[in-house]
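Okay, here's what each chain looks like letter by letter:
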Amino acid sequence: MAFQMHKHKIPFKIIVDPSQKSASEVAAGLINPLVFKRLTKTWMADALFPKMYETYAEIENLLSTKFIEQKEMIKPLTEQDLPMWQKRIEQGKMNHYIKRIDKNLKLEGFKPIEHYGALTQTGSCNLNLMIQGMRNFLRQQNYLIKDHLKIEDVTFENNHVYWKNHAAEKIIFCRGYQDAKNALFPEGSFYLTKGELIEIEAKALCEDYILNKNLFVLPTGNHRFKVGATYQWDNINAETSKEGKSELLTKLDKLIDTDYTVLNHWAGVRPTVKDRRPILGIHPQNSSLAIFNGLGTKGVMLAPYFSEQMLKVLEDPHAETDNEVKLDRFF
Ligand SMILES: Cc1cc2nc3c(=O)[nH]c(=O)nc-3n(C[C@H](O)[C@H](O)[C@H](O)COP(=O)(O)OP(=O)(O)OC[C@H]3O[C@@H](n4cnc5c(N)ncnc54)[C@H](O)[C@@H]3O)c2cc1C
């Protein structure tokens, strides 16, 4: 959102409290256009993907930092999976994303893979690198205010919003899962998901592909890999747990066959919405109040496309947006 505002020369300030837990800071940043369960494209993939790669290239250029890495993804398949994969290839609708199906793959450190699908347009976004670069840029441009935003400190008057000694035409809430309890918006639209992730070091594990079978193994360089993630819908908090780690290690041990060391373990809360769609728009009863949230499990893919839609709504409240993401649906 900050990049879009900067790009379109809209004056703004970002208020961020870095001590607050952020899903982006723990996310693996995986990019995957397919949903494997029924082998469908992820929602709106054909629109999201070109915009995603285009926008991140612009940000990389702005920050002089490379944080997107495209890498083929290998999805091990069972005999039962094969007919559906073959059908999709014959239908031709996914040839953009499915490169081939093949058999007998032996990758160093992984157990032998009998059948697999190889995907393209997959990869990852190094979110920590991007966020750090973006924060430095925002600081240099004097856009950044490091502070904690309390709802009680926000007031509205005469088509303006006031917070501490700042006044603006609009405030846009992008506080991730913390907006699930934002009293300015309808209650009960979020259905949060906790996730856990580990980082391992494995000297003899192949780094050429992303592996994805019940969990992903994402190479990040120097024999390090991010391995995740768990999904938990009760007991929502951002703390790591023994159960989360053990679930990941059990699944990992089914996939790999080499020594490794666990270097890190993280947990976070995904800002998932009940209908699994983003939420964006201006409050129907308060033209100074807006939200851009609900990026859920796929923030990396959704943010570029929908931040551009959000910008259009800010410029013209009647601008066309996808019905499924409109804030109005919760009123
Ligand atoms: C374990 C895990 C793995 C994931 N893996 C992937 C993945 O591989 N690919 C993918 O696309 N997505 C993944 N996600 C989802 C992704 O993290 C989210 O979609 C995305 O990060 C949401 O971004 P956000 O900016 O809305 O929220 P956040 O990243 O949570 O950002 C919210 C920001 O608001 C700030 N903030 C909160 N409250 C306040 C306050 N009161 N005052 C000031 N600032 C405040 C926080 O400091 C933070 O900077 C994963 C999530 C988890 C938990």
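Owing to the predicted nature of the structure, the values given are computational and were not obtained by experimental measurement.

**A closer look at the overall build of the protein**
Within the protein, the regular secondary structure consists of 7 helices and 21 strands. A compact globule built from 331 residues should have a C-alpha radius of gyration of about 20 Å, and the protein, at 21 Å, falls within 12% of that. Overall, the C-alpha framework of the protein stretches about 70 × 45 × 40 Å when taken along its three principal axes. Scored against the burial criterion, the 331 residues of the protein give a buried share of 34%. In the protein, of all internal contacts separated by at least 6 residues, the share reaching a separation of at least 24 is 74%.

**Some words on the site of the ligand**
Looking at the ligand, there are 35 residues lining it, with Ser24, Gly176, Gly195, Gly268 and Gly299 nearest. Residue composition of the shell around the ligand, by class: 16 nonpolar, 14 polar and 5 charged. Mapped onto the domain boundaries, the shell around the ligand takes at least three residues apiece from domain 1 (30-125 + 193-270) and domain 2 (144-191 + 274-330).

**What about the domain arrangement of the protein?**
Many analyses report the size of an interface as the accessible area lost when the parts associate. In terms of domains, the protein is made up of domain 1 (30-125 + 193-270) and domain 2 (144-191 + 274-330). Each side of the interface is counted separately: domain 1 has 12 residues, and domain 2 has 10 residues. For the side of domain 1 that touches domain 2, the secondary-structure elements that each account for two or more residues are helix H3 (45-63) and strand S19 (261-270). Take the side of domain 1 that touches domain 2: its biggest share by element is 6 residues, from H3. For the side of domain 1 that touches domain 2, a count of residues per class yields 7 nonpolar, 3 polar and 2 charged.

**Description of the sheet that holds strand S21 (residues 289-293)**
Pairing is mixed across the open sheet formed by 3 strands, whose spatial order is S14-S21-S20. The open sheet terminates on both sides in strands that have one partner only, identified here as strand S14 (171-173) and strand S20 (279-282). Between one strand and the next, the sheet's axes are offset by a mean angle of 25 degrees, whatever the strand orientation. Inspection of the sheet shows S20 paired to S21 by 4 bridges, in the antiparallel sense. When the bridges of S21 are listed, leucine 280 appears paired with phenylalanine 292.

**Looking at the environment of phenylalanine 330**
With respect to the helices and strands, the residue phenylalanine 330 is situated in the segment after helix H7 (299-315). By C-beta crowding, phenylalanine 330 is classed as partly exposed, having 18 other C-beta atoms within 10 Å. Along the sequence, phenylalanine 330 and glycine 188 sit 142 residues apart, while their C-alpha atoms lie 8.8 Å from each other.

**With respect to the environment of glycine 29**
Along the polypeptide, glycine 29 turns up in the loop between helix H2 (23-26) and strand S2 (30-31). What makes glycine 29 buried here is the crowd of 21 C-beta atoms within 10 Å. For the pair glycine 29 and lysine 226, spaced 197 residues apart in sequence, the C-alpha to C-alpha distance is 9.8 Å. Not counting residues up to four positions away in its chain, the partners in contact with glycine 29 are Ser124, Cys125, Asn126, Leu127 and Val300.

**Description of the sheet that holds S19**
Ordered in space as S7-S8-S6-S16-S17-S18-S15-S19, the 8 strands form an open sheet in which the pairing is mixed. In this open sheet, the two strands that pair with only one neighbour each are strand S7 (98-105) and S19. Direction aside, the axes of adjacent strands within the sheet are offset by 25 degrees on average. With 6 bridges joining them, S7 and strand S8 (residues 113-119) adopt antiparallel strand pairing. Considered in S8, the bridge of lysine 103 is made with histidine 115. Together, strand S6 (73-77), S7 and S8 form the strand contacts of helix H4 (residues 82-91), whose direction differs from that of S7 by roughly 145 degrees. The sheet contacts of helix H6 (residues 242-255) involve strand S15 (193-201), strand S16 (210-212), strand S17 (216-221), strand S18 (224-228) and S19, and relative to S15 the element is tilted by about 55 degrees.

Scoring rules and cut-offs
- Residues numbered from 1 in each chain as written.
- Predicted model: local features only at pLDDT ≥ 70, side-chain atom pairs only at ≥ 80, totals over all residues.
- Helix = DSSP H or I, 4+ residues; strand = E, 2+ residues; numbered from the N terminus.
- Rg over C-alpha atoms; globule rule 2.2 N^0.38 Å.
- Buried ≥ 20, exposed ≤ 12 C-beta atoms within 10 Å, placed from the backbone.
- Contact = placed C-beta atoms within 7 Å.
- Near = placed C-beta within 6 Å.
- Nonpolar A, V, L, I, M, F, W, Y, C, P; charged D, E, K, R; others polar.
- Domains from an automatic or database assignment.
- Pairing = 2+ DSSP bridges.
- Axes fitted to C-alpha atoms, helices over the stretch in contact; angles between N-to-C directions.

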